[in-house]
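Below are the chains, spelled out letter by letter.
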Amino acid sequence: MTRSVPLARRNLFQDPRRAALAVAGVAVSLVLVLVLDGVFAGAVRQVTAYLRNVPADLIVSQQGVRTMHMSASALPDGSIERVRGISGVAWVEGIRFTTATVRAGAGRQLSYVIGYDTDTGRGGPSSVANGASPGPGQAVIDEVAADELGIGVGDKIRVLGRPFTVSGLSEGGTSITNTTTFIRNADFAEVRGPSLSYLLLGTEPGVKVTGVARRLEREISDVTVQSKEEFVEQEGLIMKDMSADIMQIMSIIAFAIALAVVALTLFTATLSKLREYAVVKALGAPSSRLARTLLVQATWSVMLALILAVALSFAAAALVAAITPNVLLRIETVAIARVAVAALVVGTLGALVPLRRIVRLDPASAFQT
């Protein structure tokens, strides 16, 4: 293998312009896959930002409800008292939740609306960049959504069919699909009734979270109990279910383009070097040596393209963040590894096209005029 590497490199890079075009072509197709995956990973991270930042160990919801996104949960009366009496529970915080439209003038934004206890702040925003927590008739809205709506602290918005004054601007609550608005539990209850949507639970120090969850499920049969991590995972699965088909189709198209570029590059390079390959074969090199040369050429093309694609993807992520704050491109290591493996498979398949021509090559053709 090591003896075939110099030959592979020389064949591939003898014409630098053609090699650069080939690498760029494969890189562009891989960028499509990485960016698509990055948009999805970023959307999942944004949609689950609130859940990841709440200080709860466990989340209790209506029986059968495992998410917030595209879900409605209403807990039975007295749930918070029943949960508070379970051994191992340190604190319980009830929140109210719905999806509604936030309006300001002619602008509007789809929003999670969360009612929480402003005294403890446990169910509220993770941070308020400007202003303060909401008081009666007030709301905290995410700063990205506020910028898009053209409003600031002290301005009026309409949420749940009634006016609120913006008391503060939170951070990290706007995604590609929606934003987040926080109001007082009492204001939420006035509009939608007293029923709580979810309970956030903290466990006592040294107590196993799984043990508390099992006790809750055993003693309170009409609710669903999940750890925060499980709840976040369920939210991510909903996003995957919504976009899995589109992602799969786009990934297949991108890898098909990469396969075509690699195959065409190796095929044209092989055709232009048939006489040289025949000479090598006439000198005693077995077909397996020439086959390895093609595979190494494919590996060089794909790996250089992957490096370029990763660099371009991170550059695209930075550009998107600067231009559109509500869209997060998150290029993850797992995605890069997955694309690298798939790209190497594509490169191997691309090498099969000219491989048949090399294997059947007659050494005598090297001496034909």
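Anything mentioned here points back to the structure above.
The residue count restarts for each chain, going from 1 along the sequence in the order it is written. Local features in a predicted model are, by the rule used here, given only for residues with pLDDT of at least 70; side-chain atom pairs are given and counted only at 80 or more, and totals for whole chains, interfaces and linings are based on all residues. Side-chain descriptors were evaluated using all non-hydrogen atoms of the structure, hydrogens and water having been removed beforehand.

(A) Highlighting the overall build of the chain. Secondary structure follows DSSP: runs of H or I at least 4 residues long count as helices, runs of E at least 2 residues long count as strands, and numbering of each begins at the N terminus. Counting its secondary structure elements, the chain contains eleven helices and ten strands. Think of it in three bands: residues with accessible area under 20% of the maximum for their type are buried, residues over 50% are exposed, and the middle band is partly exposed, with areas taken using a 1.4 Å probe on protein chains only. For the chain, buried positions account for 49% of its 369 residues. When the accessible surface of the chain is split by element, carbon and sulfur atoms take 58% of a total near 17,600 Å². To measure how exposed things are, a 1.4 Å probe is used in the Shrake-Rupley method; for residues, cover is taken only from the protein chains shown.

(B) Representation of the pattern of salt bridges. Each salt bridge in this description consists of a side-chain nitrogen of Lys or Arg and a carboxyl oxygen of Asp or Glu lying within 4 Å of one another. Taken as a whole and assessed by the stated rule, the structure comprises six salt bridges. Two residues, E93 and R122, come together in a salt bridge whose shortest N-O distance is 3.4 Å. Residue E93 is found in strand β2 (residues 89–104), and its partner R122 is found in the loop between β3 (107–116) and β4 (128–131); the two are separated by 29 residues along the sequence. Relative accessible area serves as the criterion here: at 30%, R122 is assigned to the partly exposed category. In this structure, R162 and E190 form a salt bridge, with 3.2 Å as the shortest nitrogen-oxygen distance. Separated by 28 residues along the polypeptide, R162 in strand β7 (residues 162–170) and E190 in helix α6 (residues 185–192) bring together distant segments of the chain.

(C) A look at the pairing of strand β6 (residues 156–159). Judged by which residues are buried, β6 turns out to be one-sided: I157 and V159 face inward and are buried, whereas K156 and R158, on the alternate face, are not. Note on pairing: DSSP must find at least two bridges between two strands before they are called paired. Counted along the chain from β6 to the antiparallel partner β7, the turn is two residues long, and its residue L160 has a positive phi close to 55°.

(D) Spotlight on α6. Along α6, the residues that are buried comprise N185, D187 and F188. The buried residues of α6 occupy an angular sector of 160° when the element is viewed end-on, so they sit on one face. Contacts are residue-level and defined by heavy atoms, with any inter-residue pair within 4.5 Å sufficient. Buried residues along α6 sit in contact with β2, β3, β5 (138–142), β7 and β8 (179–184). Positive backbone phi, at 100°, marks G193, one or two positions downstream of α6. Along the arc lie the directions from the helix axis toward the C-beta atoms.

(E) Seen up close, unusual backbone geometry. Positive phi, normally seen in glycine, also occurs at M70, with a value near 60°. Mapped onto the fold, M70 is located in the loop between β1 (58–62) and α4 (79–84). Phi at L160 takes a positive value of approximately 55°, unusual for a residue other than glycine. Here L160 is to be found in the loop between β6 and β7.

(F) Structural view of the environment of L304. Mapped onto the secondary structure, L304 falls in helix α10 (residues 287–323). A relative accessible area of 29% places L304 in the partly exposed class. Distance in space between the C-alpha atoms of L304 and A27 is 8.1 Å, their sequence separation being 277 residues.

(G) Structural context of the nonpolar core. Working definition of a nonpolar core: buried Ala, Val, Leu, Ile, Met, Phe, Trp, Tyr and Cys residues. They are joined through side-chain atoms within 4.5 Å. Y50, L51, M68, I95, Y198 and L200 are the most contacted members of the largest nonpolar core, which totals 26 residues. Of all the secondary structure elements, the ones that give two or more residues to this core are α2 (16–47), α3 (49–53), β2, β3, β9 (198–203) and α8 (228–272). Apart from the residues lying within four places of it in its own chain, the contact partners of L51 are I59, M68, K228, F231, V232 and E235. Counting 24 residues, the second-largest nonpolar core is a separate cluster that includes V31, A258, V302 and V339.

(H) Main features of a negative patch on the surface. Residues E143, D147, E148 and E171 make up a contiguous surface patch of negative charge. By secondary structure assignment, the location of E143 is in helix α5 (residues 143–149). Residues forming no salt bridge and having over 30% relative accessible area are the ones grouped into patches, like charges within 9 Å of each other and nonpolar side chains (Val, Leu, Ile, Met, Phe, Trp, Tyr) within 5 Å. We treat Lys and Arg as the positive residues and Asp and Glu as the negative residues; His and chain ends play no part in the count. Where a charge lies is defined by one atom per residue type: Lys uses NZ, Arg uses CZ, Asp uses CG and Glu uses CD.

(I) How the structure looks around the packing of aromatic side chains. Working definition: a ring pair exists when centres of Phe, Tyr or Trp rings (six-membered ring for Trp) sit within 6.5 Å. Plane angles under 30 degrees give stacked, over 60 give edge-to-face, the rest tilted. Within this structure, the stated rule accounts for five aromatic pairs. Relative to F182, the ring of Y50 has its centre 5.8 Å away and its plane inclined at 45°; by these criteria the two rings are tilted. With Y50 in helix α3 and F182 in strand β8, this residue pair connects regions lying 132 residues apart in the sequence. By relative accessible area, Y50 is classed as buried at 11%. Of the residues examined, F182 reaches a relative accessible area of 4% and is grouped as buried. Consider the rings of F97 and Y198, whose centres lie 6.0 Å apart with planes at 75°: the pair is edge-to-face. Of the two residues, F97 sits in strand β2 while Y198 sits in strand β9, which places them 101 residues apart along the sequence. Comparing F97 with Y198, the two get one shared label, buried. Every member of this aromatic cluster is reached through a ring pair, and the members are F97, Y112, Y198 and F231. One residue, R122, lies across the ring of W91, its end atom 4.2 Å from the ring centre. Definition used: whenever NZ (Lys) or CZ (Arg) falls within 6 Å of the ring centre and also within 35 degrees of the ring normal, the charge is taken to sit over that ring.

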